Amino acid sequence: MITDVNPFVYSRPISPDEIIDRDEETQALLRNAVGGHFVRMYEPRKYGKTSLLKRALVDGERQEGLVPVLVDLYGVVSMADVAVRFERAYSRQLKGAIRGRIEDFLQRTGLGLSLGAFGISARLQLEPKTDPLPALHALLDLPLRLEEAGGFRAFIALDEFQDVHKVRSLDAILRSHIQFQGDVASYVFAGSEPGLMKQLFENKDRPLYGSAVPVRLGRLRNEDIAGYVAERFQQTSREVGEALNPLLGSAKGHPQRAMLLAHRLWEAVGKGKTGTLDDWSSAHRSALEELRPEFEAQWRGLDTSEQKTLRAVIAGDGSPYRAAVLERLALTKTSAQKALQRLGARAEIEAEGRKQVVVDPLFAEWVERLNVSTDETG
């Protein structure tokens, strides 16, 4: 039986009790939820958004008596998709007597809705021409039914919310329901593409304009990462040793990349051993090699001006407009400015004070190698 198990998980959302810090962010979400406010939370991918949502939902249920519902909207392209996601979310998370009352309500609608195995997804498979809109309206009204069932407040997190832009008029339909639910439900709209989230909530022509409190999920503090890593090394009969500081320097507060690097470092340090700089070098190389196909695909997905602008940001130490760098890359300032807007909207880069930084620090290292190899060959 395997008993010496790597404690650093980076390939999936982690359980709420494994999150590094995020106490302030969790409490902010709960204060808004209890106060009846809607929140839009945005952050780059792999910043731990889904894990944070799960923690807030768990704490909201335990501490405040809220009814937690997590709806994953990633990749939805139709009203049918959305109806299925909402039905499955309620099916997974409602329990006990309240589940029975909601199931009874859904069955009485005559729309083929159910918290069991034969809900709207089964009906859509059997009858593909079924209009999913009435079912979606009924599902979006469930917070009102929860209140009728015993005065419960629903705490509903809509994850990967930016994908609602793929479904025509969906944000208008959502608004038509949630605008009447302030007394019975609190919503968190969580997205990982700042540009799309900005369009949905800051464009005056969009139905959800100005309807949610903005919350930005930032990087982790080095001291929090350090404590988490050191503790788990010790719990598994290891010491992180002198490898800790270069790990923190490479991760730069990025939650998922910190866990990837810690995972690789743990693999390099034997049981009963203490991490060395050689262990760190081995772990770092291993992590970058694992990410190479991902980074190559990411790089190919950028247009030429975006590639040059990323290189300019790195070569210019946060400034993409240094004349010598622009000249060497054959990049005009106007092209760089336009590319920066696109890269920022997709959370490839972000402002940090007066500097621009690449969100993924390991991708920045990979791009930096392109700069170095070009300098050496040039």
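Residues numbered from 1 in each chain as written. Predicted model: local features only at pLDDT ≥ 70, side-chain atom pairs only at ≥ 80, totals over all residues. Heavy atoms only, no water.

Caption draft 1: Representation of the layout of surface pockets in the model. Of the voids in this model, the largest pocket is the one considered here, and its volume is about 550 Å³. The wall of the largest pocket is formed by 26 residues, among which K46, Y47, G48, S51 and Q256 lie closest to the centre. Secondary structure elements with two or more residues in the lining of the largest pocket: α2 (49–64) and α12 (255–268). Tallied by class, the residues present in the lining of the largest pocket amount to 12 nonpolar, six polar and eight charged. (1 Å grid on protein atoms, 1.4 Å probe; cavity = no way out; pocket = protein on both sides within 12 Å on 5 of 7 lines; lining within 4 Å. Points joined across faces, edges and corners; volume = space filled by probe spheres on them. Helix = DSSP H or I, 4+ residues; strand = E, 2+ residues; numbered from the N terminus. Nonpolar A, V, L, I, M, F, W, Y, C, P; charged D, E, K, R; others polar.)

Caption draft 2: Representation of the sheet that holds strand β4 (residues 185–191) within the structure. Read from one edge of the open sheet, five strands run β2-β3-β4-β1-β5, paired in parallel fashion. In this open sheet, the two strands that pair with only one neighbour each are β2 (67–72) and β5 (213–216). Taken over all neighbouring pairs, the strand axes of this sheet differ in orientation by 20 degrees on average, direction set aside. Pairing geometry for β2 and strand β3 (residues 154–159), over six bridges, is parallel. Within the sheet, the bridge partner assigned to L70 lies in β3 and is A157. Strands in contact with helix α3 (residues 79–93) are β2 and β3; relative to β2, the strand with the most contacts, it is inclined by about 140 degrees. (Pairing = 2+ DSSP bridges. Axes fitted to C-alpha atoms, helices over the stretch in contact; angles between N-to-C directions. Contact = heavy atoms within 4.5 Å.)

Caption draft 3: Region of interest: the packing of helix α10 (residues 222–235) against α12. Put simply, α10 and α12 touch, their axes get as near as 11 Å, and they point 30 degrees apart. The pairing of α10 with α12 is recorded here as roughly parallel in orientation. Pair α10 / α12 crosses with right-handed handedness. Between α10, through I225, Y228, V229 and F233, and α12, the contact on the second element is made entirely by A258, M259, A262, L265 and W266. Here the contact of α10 with α12 is built from residues that sort into nine nonpolar, no polar and no charged. (Parallel < 35°, antiparallel > 145°, perpendicular 65-115°, else oblique. Left-handed = near helix turned anticlockwise from the far one by under 90°.)

Caption draft 4: Local environment of the nonpolar core. Of all hydrophobic cores here, the largest spans 49 residues; its most connected members are L73, F86, Y90, L158, F161 and F189. In terms of residue count, α3 provides more of this core than any other element does, seven residues in total. Ignoring sequence-local partners within four residues, the contact set of F189 consists of F38, V39, R40, M41, L158, F161, I178, M197, F201 and A212. (Core = buried A, V, L, I, M, F, W, Y, C linked by side-chain atoms within 4.5 Å. Buried < 20%, exposed > 50% of the residue type's maximum accessible area, 1.4 Å probe, protein only.)

Caption draft 5: Expanded view of the environment of G316. Structurally, the position occupied by G316 is in the loop between α14 (304–315) and α15 (323–329). Under the relative-accessibility criterion, G316 is labelled buried at 0%. For the pair G316 and L326, spaced 10 residues apart in the sequence, the C-alpha separation amounts to 9.3 Å. Apart from the residues lying within four places of it in its own chain, the contact partners of G316 are R322 and V325.

Caption draft 6: Seen up close, the packing of aromatic side chains. A full pass over the atoms with the stated rule returns 13 aromatic pairs. With centroids separated by 6.2 Å and ring planes inclined at 55 degrees, the aromatic side chains of F295 and W366 adopt a geometry described as tilted. Residue F295 is located in helix α13 (residues 277–300), and its partner W366 is located in helix α17 (residues 361–377); the two are separated by 71 residues in the primary sequence. On the basis of relative accessibility, which here comes to 0%, the residue F295 falls in the buried class. The class of W366 is buried, set by a relative accessible area of 17%. A centroid spacing of 5.9 Å and a plane angle of 70 degrees characterise the contact between W299 and W366, whose relative ring orientation is edge-to-face. (Phe/Tyr/Trp six-rings, centres within 6.5 Å; stacked < 30°, edge-to-face > 60°.)

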